[in-house]
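# Summary of the model geometry
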Amino acid sequence: MIKHYILSLNPTAKHDWDRCILRDPLTAKRPDIAKLIAEAVGADTGSYLVSVNIQVEVLEQAAVPYAEQLSLNIAEVSVPSQLREVA
């Protein structure tokens, strides 16, 4: 069974679970690897020793847009004088 997924890597993500994301290219859902293996094994009740072979081939790499790579320094943002007067 060959499945295709989109892998997104962001080592600077705020949360651990957002640093490495595997998604279905059509539904954008995260795959349930255990469910995929269970479907391959069948519906019989029991415990199974399984061997899973994961072969990864990069088909295409999309560069991260420059705007997403920038970090915003709040100290550098100036607040217009009208907003300061309201506050």
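Residues numbered from 1 in each chain as written. Predicted model: local features only at pLDDT ≥ 70, side-chain atom pairs only at ≥ 80, totals over all residues. Heavy atoms only, no water.

### A closer look at the environment of Tyr5
Structurally, the position occupied by Tyr5 is in the segment before β1 (6-9). Taking relative accessible area as the criterion, Tyr5 reaches 26% and is therefore assigned partly exposed. Taking the C-alpha atoms as reference points, Tyr5 and Asp24, 19 residues apart in sequence, are found 4.8 Å from one another. (Helix = DSSP H or I, 4+ residues; strand = E, 2+ residues; numbered from the N terminus. Buried < 20%, exposed > 50% of the residue type's maximum accessible area, 1.4 Å probe, protein only.)

### What about the layout of surface pockets?
Considered as a void within the structure, the largest pocket measures approximately 1800 Å³ in volume. If you go around the largest pocket, you meet 38 residues; those closest to its centre are His4, Tyr5, Leu7, Leu22 and Val56. Secondary structure elements with two or more residues in the lining of the largest pocket: β1, α1 (33-41) and α2 (66-69). With five residues, α1 is the single largest residue contributor to the lining of the largest pocket. Residue classes in the lining of the largest pocket are distributed as 24 nonpolar, nine polar and five charged. (1 Å grid on protein atoms, 1.4 Å probe; cavity = no way out; pocket = protein on both sides within 12 Å on 5 of 7 lines; lining within 4 Å. Points joined across faces, edges and corners; volume = space filled by probe spheres on them. Nonpolar A, V, L, I, M, F, W, Y, C, P; charged D, E, K, R; others polar.)

### Quick look at the environment of Ala13
Within the fold, Ala13 resides in the loop between β1 and β2 (20-23). Overall, Ala13 belongs to the buried group, its relative accessible area being 11%. Leaving out residues up to four positions away in the same chain, Ala13 has contacts with Asp18 and Arg19. (Contact = heavy atoms within 4.5 Å.)

### Observations concerning a nonpolar patch on the surface
There is a patch of nonpolar side chains on the surface, built from Val41, Tyr48, Val50, Val52, Ile54, Val56 and Val58 and spanning about 700 Å² of accessible area. By the element assignment, Val50 lies in the loop between α1 and α2. (Patch = residues over 30% accessible without salt bridge, like charges linked within 9 Å, V, L, I, M, F, W, Y side chains within 5 Å. Areas by Shrake-Rupley, 256 points an atom, 1.4 Å probe, with all protein chains shown as cover. Salt bridge = Lys/Arg side-chain N within 4 Å of Asp/Glu carboxyl O.)

Any functional reading would require information that these geometric values do not contain.
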